[in-house]
Amino acid sequence: MRSLEIDAIAKHYPGGSIAVEDITLSLSEGSFTTLLGPSGCGKTTTLRCLAGLEVPDAGRIQFGDDVFVDIAAGTFLAPHKRKLGMVFQSYALWPNRTVLGNIAYPLRLRGVNSRAAAARATEALNAVGLTGLDARYPHELSGGQQQRVALARGLVSASGLLLFDEPLSNLDAKLRLAMRTEIRRLHDEFGYSSVYVTHDQEEALAISDHVVVMNQGRIEQSGTPHEIFAKPKTAWVADFVGFDNILTVTHIDPDVGRVDVVGGGSFHLRGDMIRSWRGAQIAFRASDIVFAADAPSAQPQATFRGRVTASSYLGDAYRLAVETAAGTTVMANIPDSSRVQTQEKYLGEIHEFAMPAESPIILD
Ligand SMILES: Nc1ncnc2c1ncn2[C@@H]1O[C@H](COP(=O)(O)OP(=O)(O)OP(=O)(O)O)[C@@H](O)[C@H]1O
């Protein structure tokens, strides 16, 4: 098995700025892993260390039997010897080479003869759906087609490992959706391992088997898309994946099924669900909340009561700021099917709100 082992990689830039601090990951062969995080969190630096475009200050990276870098042992494998495919946001095509020339060039650099290189390039061109465009130049292609050429070049360059650095950011929304499906299909078809950098949460969840959430050069959490989306472990990850409400817990009373939060608000949950809770914060999504009167009666609900202090129209819902009796503010997106916009609907009203009992999670 050719797993990718990243062990305690660190990279500091002159001037003391820390790009990456102690990144350790083990990625199994054939997996599709996304490095996800906000701008400046160290995703690209990590990827560049994998590619050999950056030398880490510490740590070790090995893919299969190939040691890419081992700082302690003084080992560094040159980028072209790592035999990986890389697809960039900027496409990075050579303007004076044809489509086929662009795709075949990395193979030619490795000493593959021109006939064999052209045959493999044509195969990759067909795989990305650009059959017949081999003689065109990059300026004769749309942005989406250029990105496909870059993808085909990555596919022929790789012998097992593909790296992507925000490859879809320059495409429009519709093309982005089509291309991400295409990238995943090709990854599966070629049986490669892929490491994909993005700051787009939806893209990361849709395309990957494994998501690594990074913050300030460190790994905050890593897991399946579902684990990251539904079970964030820290308040930072919860906030990043869209839990609009993160409240600090002051007291849990399982006997009466009540969780008190800072500011004095109370949430009523089933006692058996909170008996073993040890966390310090409760988090839930605004989109999980409905008026208690509209909640399905067969399903256990977590409830709270409050006054609407702000209301804005979202099209299919109203986004409400709800203040509980003691001043805690909770955001709630209340579905609205009336199709008629009313200014500041529900403002000033007091309601009982509900969400499915499993919606609130407790954070470490
Ligand atoms: N060559 C450099 N010299 C100095 N600092 C750098 C250099 N490259 C990156 N950094 C810093 O390292 C940190 C991580 O940068 P990196 O490009 O890895 O982040 P990123 O998560 O990929 O961000 P983005 O999504 O904006 O590309 C940032 O604070 C950045 O300013």
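Residues numbered from 1 in each chain as written. Predicted model: local features only at pLDDT ≥ 70, side-chain atom pairs only at ≥ 80, totals over all residues.

### Overview of the packing of helix H4 (residues 143-157) against helix H5 (residues 173-190)
It is at 12 Å that the axes of H4 and H5 come closest, and there the two elements cross at 15°. As far as their axial angle goes, H5 and H4 are roughly parallel. Here H4 runs over H5; the crossing is right-handed. The segment H4 lies against H5, with Gly144, Gln147, Leu151 and Leu155 engaging Leu175, Met179, Ile183, Leu186 and Phe190. (Axes fitted to C-alpha atoms, helices over the stretch in contact; angles between N-to-C directions. Helix = DSSP H or I, 4+ residues; strand = E, 2+ residues; numbered from the N terminus. Parallel < 35°, antiparallel > 145°, perpendicular 65-115°, else oblique. Left-handed = near helix turned anticlockwise from the far one by under 90°. Contact = placed C-beta atoms within 7 Å.)

### Section: helix H3 (residues 114-127)
For H3, with 14 residues, the first-to-last C-alpha span of 20 Å sits near the 20 Å given by 1.5 Å per residue. By the burial criterion, the buried members of H3 are Ala117, Ala121, Ala124 and Leu125. For H3, the angular spread of the buried residues around the axis is 100°, confining them to a single face. Seen from the open side of H3, the exposed residues pointing more than 90 degrees away from its buried face are Arg115 and Ala116. The inward-facing, buried residues of H3 contact helix H2 (99-109) and H4. Once H3 finishes, Gly129 follows within two positions and takes phi at roughly 80°, a positive value. (Expected span 1.5 Å × (residues − 1). Buried ≥ 20, exposed ≤ 12 C-beta atoms within 10 Å, placed from the backbone. Arc of directions from axis to C-beta.)

### Comments concerning the domain arrangement of the protein chain
Segmenting the protein chain into domains produces domain 1 (4-236) and domain 2 (244-363). Domain 1 and domain 2 are separated by 41 Å when their C-alpha centres are compared. With four residues of domain 1 at the contact, the number on the domain 2 side is four residues. (Domains from an automatic or database assignment.)

### Digging into the site of the ligand
The environment of the ligand is made up of Tyr13, Ser17, Ala19, Gly37, Ser39, Gly40, Cys41, Gly42, Lys43, Thr44, Thr45 and His199. With three residues, helix H1 (residues 43-51) is the single largest residue contributor to the shell around the ligand. Grouping the constituent residues of the shell around the ligand by class yields three nonpolar, eight polar and one charged. (Near = placed C-beta within 6 Å. Nonpolar A, V, L, I, M, F, W, Y, C, P; charged D, E, K, R; others polar.)

### Some words on the UniProt feature "domain: ABC transporter" (unreviewed entry) in the protein chain
The feature "domain: ABC transporter" (unreviewed entry), as given by UniProt, occupies residues 4-241 in the numbering adopted here. As annotated, residues 4-241 has a helix share of 36% and a strand share of 27%, and its two end C-alpha atoms lie 26 Å apart. (UniProt positions renumbered as here; feature names shortened; annotations may be inferred.)

### Digging into the packing of H2 against H3
The geometry of H2 relative to H3 is characterised by a closest axis approach of 8 Å and an angle of 125° between their N-to-C directions. Compared by their axis directions, H2 and H3 come out oblique. As for the relative orientation of H2 and H3, their crossing is right-handed in sense. Along the contact surface, H2 presents Val99, Leu100, Ile103, Ala104, Leu107 and Arg108, while H3 presents Ser114, Ala117, Ala118, Arg120, Ala121, Thr122, Ala124 and Leu125. Partitioned by chemical class, the residues of the contact of H2 with H3 number 10 nonpolar, two polar and two charged.

### Some points on the sheet that holds strand E4 (residues 58-63)
On the basis of which strands lie adjacent, the open sheet formed by five strands has the order E2-E1-E4-E5-E6 and antiparallel pairing. Sheet topology places strand E2 (18-27) and strand E6 (75-76) at the edges, where each strand pairs with a single neighbour. By the bridge criterion, four bridges tie E4 to strand E5 (residues 66-70) in an arrangement that is antiparallel. Its bridge partner being in E5, Phe63 is matched across the sheet by Asp66. (Pairing = 2+ DSSP bridges.)

### Concerning the pairing of strand E19 (residues 329-335)
Going residue by residue along E19, you find Val330, Ala332 and Ile334 tucked away on one face and Thr329, Met331, Asn333 and Pro335 left uncovered on the opposite face. Judged from the seven bridges that link them, strand E18 (residues 317-323) and E19 form a sheet pairing that is antiparallel. When the bridges of E19 are listed, Glu323 appears paired with Thr329.

### Digging into the environment of Val211
Structurally, the position occupied by Val211 is in strand E10 (residues 210-215). With 26 C-beta atoms packed within 10 Å, Val211 lands in the buried category. Val211 sits 154 residues away from Asp57 along the chain, and the two C-alpha atoms are 25 Å apart. For Val211, the residues in contact, after removing those within four places along its chain, are Thr34, Leu36, Ala204, Leu205, Ser222, Gly223, Pro225 and Ile228.

### Observations concerning the nonpolar core
In summary, soluble globular proteins display a tendency toward joint burial of nonpolar side chains. With 86 residues, the main nonpolar core has Ile103, Leu125, Ala152 and Leu163 as its most contacted residues. The element that contributes the greatest number of residues to this core is H4, accounting for six residues. Mapped onto the domain boundaries, this core takes at least three residues apiece from domain 1 (4-236) and domain 2 (244-363). Excluding its chain neighbours within four sequence positions, the residues that come into contact with Leu163 are Leu47, Leu50, Ala51, Leu84, Met86 and Val195. (Core = buried A, V, L, I, M, F, W, Y, C linked by C-beta atoms within 7 Å.)

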